[in-house]
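Next come the chains, spelled out residue by residue.
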Amino acid sequence: MRFAGFQKTSLIDYPDRVASVLFSAGCNLRCPYCHNGDLVEGYTGPFHEEVEIIEILLSRKRYIDSVVVSGGEPTMDPGLPAFLEKLRELGFNVKLDTNGLKPDALRECLPYLSYVAMDVKTSIENYPSLGTGDTSQISESIKIIMESGLDYEFRCTAVPGIVELESVRKMGEMVRGAEIFVFQQYKPEKTLDPTYNDIIPHTEEQIREFAAIMENYVEKVLLRV
Ligand code: SF4
């Protein structure tokens, strides 16, 4: 496996842990508000090869105990499960960030993971506006994660027009019984669709309203606003 980006230290990407973060290139969605447009479309390099990444991770093991594999969408790379297995064998806690569109790949990764963060971006009927017409995988991935026994979170960037009161109710139904749901604030900058740069984010009060609705469906709602 190879990666388009590598952040050596992060205090915010893995709850309560100090982690390195790896970013894969390519994605099977086209969220108009995506901030990683350069990774999602036509990335041609440079790449960090797996050998190089592992060497750096091992040299930093006294500072970090965890690795986050993010993207783009990492499950698009068939080499992901084997790479995660290596990380696990080397003693790292491993977190995967995924959009949930490839449940079969997710299932293969589970034995090597200690944490999964899956985006639940909007209600099922709104997903075509993010670039996919086939949404059955989203519900399947939610189920796989909830039954996995791993620590996990479902998370949502509260983008106006994509996340509104009615969609939050429907998202609540999608994740009913989950442990943690996180709402994060939308930052209108460097978006894949430039018109999204002009969208005014929801107020914190509005996002708290979303959280109050979601509390009817899940055990705990967190805000990153
Ligand atoms: S926001 Fe995430 S899932 Fe959406 S296009 Fe960007 S990388 Fe892909």
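Residues numbered from 1 in each chain as written. Predicted model: local features only at pLDDT ≥ 70, side-chain atom pairs only at ≥ 80, totals over all residues. Heavy atoms only, no water.

Once that is clear, we can look at the layout of surface pockets. With a probe scaled to a water molecule rolled over the atoms, the places where space remains empty come into view. Estimates place the volume of the largest pocket at around 1200 Å³. Along the wall of the largest pocket there are 37 residues; nearest its centre are His35, Asn36, Arg155, Thr157 and Gln184. Taken together, the elements giving at least two residues each to the lining of the largest pocket come down to helix 1 (37–40), strand 6 (93–98), strand 8 (151–158) and strand 9 (180–185). Taken together, the residues of the lining of the largest pocket sort by class into 13 nonpolar, 10 polar and 14 charged. (1 Å grid on protein atoms, 1.4 Å probe; cavity = no way out; pocket = protein on both sides within 12 Å on 5 of 7 lines; lining within 4 Å. Points joined across faces, edges and corners; volume = space filled by probe spheres on them. Helix = DSSP H or I, 4+ residues; strand = E, 2+ residues; numbered from the N terminus. Nonpolar A, V, L, I, M, F, W, Y, C, P; charged D, E, K, R; others polar.)

The next subject is the pattern of salt bridges. All told, the structure shown has 16 salt bridges when counted by the stated rule. In this structure, Lys121 and Asp119 form a salt bridge, with 3.2 Å as the shortest nitrogen-oxygen distance. Owing to a relative accessible area of 11%, Lys121 belongs among the buried residues under this scheme. For Asp119, the salt bridge is made with Arg155, and the minimal N-O distance between the two is 2.9 Å. A residue pair is termed long-range when its members are at least 10 positions apart, and Asp119 in strand 7 (residues 115–119) and Arg155 in strand 8 qualify at 36 residues. Among the charged side chains, a network of salt bridges with common partners joins Lys95, Asp97, Asp119, Lys121 and Arg155. (Salt bridge = Lys/Arg side-chain N within 4 Å of Asp/Glu carboxyl O. Buried < 20%, exposed > 50% of the residue type's maximum accessible area, 1.4 Å probe, protein only.)

What follows deals with the packing of helix 6 (residues 165–174) against helix 7 (residues 204–214). At their nearest, the axes of helix 6 and helix 7 sit 9 Å apart, and the two run at 30 degrees to each other. Considering their axes alone, helix 6 and helix 7 lie roughly parallel with respect to each other. Remark: the crossing between helix 6 and helix 7 carries right-handed chirality. Contacts between helix 6 and helix 7 involve Leu165, Val168, Arg169, Met171 and Gly172 from the first element and Glu209, Phe210, Ile213 and Met214 from the second. (Axes fitted to C-alpha atoms, helices over the stretch in contact; angles between N-to-C directions. Parallel < 35°, antiparallel > 145°, perpendicular 65-115°, else oblique. Left-handed = near helix turned anticlockwise from the far one by under 90°. Contact = heavy atoms within 4.5 Å.)

With that settled, the discussion passes to the site of the ligand. For the ligand, the full set of nearby residues is Cys27, Leu29, Cys31, Cys34, Val40, Gly72, Asn99 and Lys121. Under a 2 Å grid-point criterion requiring more than half of the atoms, the pocket assigned to the ligand is the largest pocket. Here the shell around the ligand is built from residues that sort into 5 nonpolar, 2 polar and 1 charged. (Near = heavy atom within 4 Å. Sits in = over half its atoms within 2 Å of the grid points.)

Here we come to the sheet that holds strand 8. Sheet architecture is open: 8 strands sit in the order 2-3-5-6-7-8-9-10, paired in mixed fashion. On the outer flanks of this sheet lie strand 2 (5–10) and strand 10 (220–224), each paired with one strand and no other. The average undirected angle you get between the axes of adjacent strands in this sheet is 20 degrees. Alignment of strand 5 (residues 66–70) against strand 6, held across 4 bridges, turns out to be parallel. Looking at the pairing, Ser66 lines up with Asn93 of strand 6. This element, helix 2 (residues 50–59), spans strand 2, strand 3 (19–23) and strand 5 of the sheet and lies at about 10 degrees to strand 2. (Pairing = 2+ DSSP bridges.)

Formed by 63 residues in total, the largest nonpolar core has its most connected members in Val69, Phe154, Val175, Phe181, Phe183 and Met214. Take this core: its biggest share by element is 5 residues, from helix 7. Of all hydrophobic cores here, the second largest spans 5 residues; its members include Ala19, Val21, Val68 and Tyr115. (Core = buried A, V, L, I, M, F, W, Y, C linked by side-chain atoms within 4.5 Å.)

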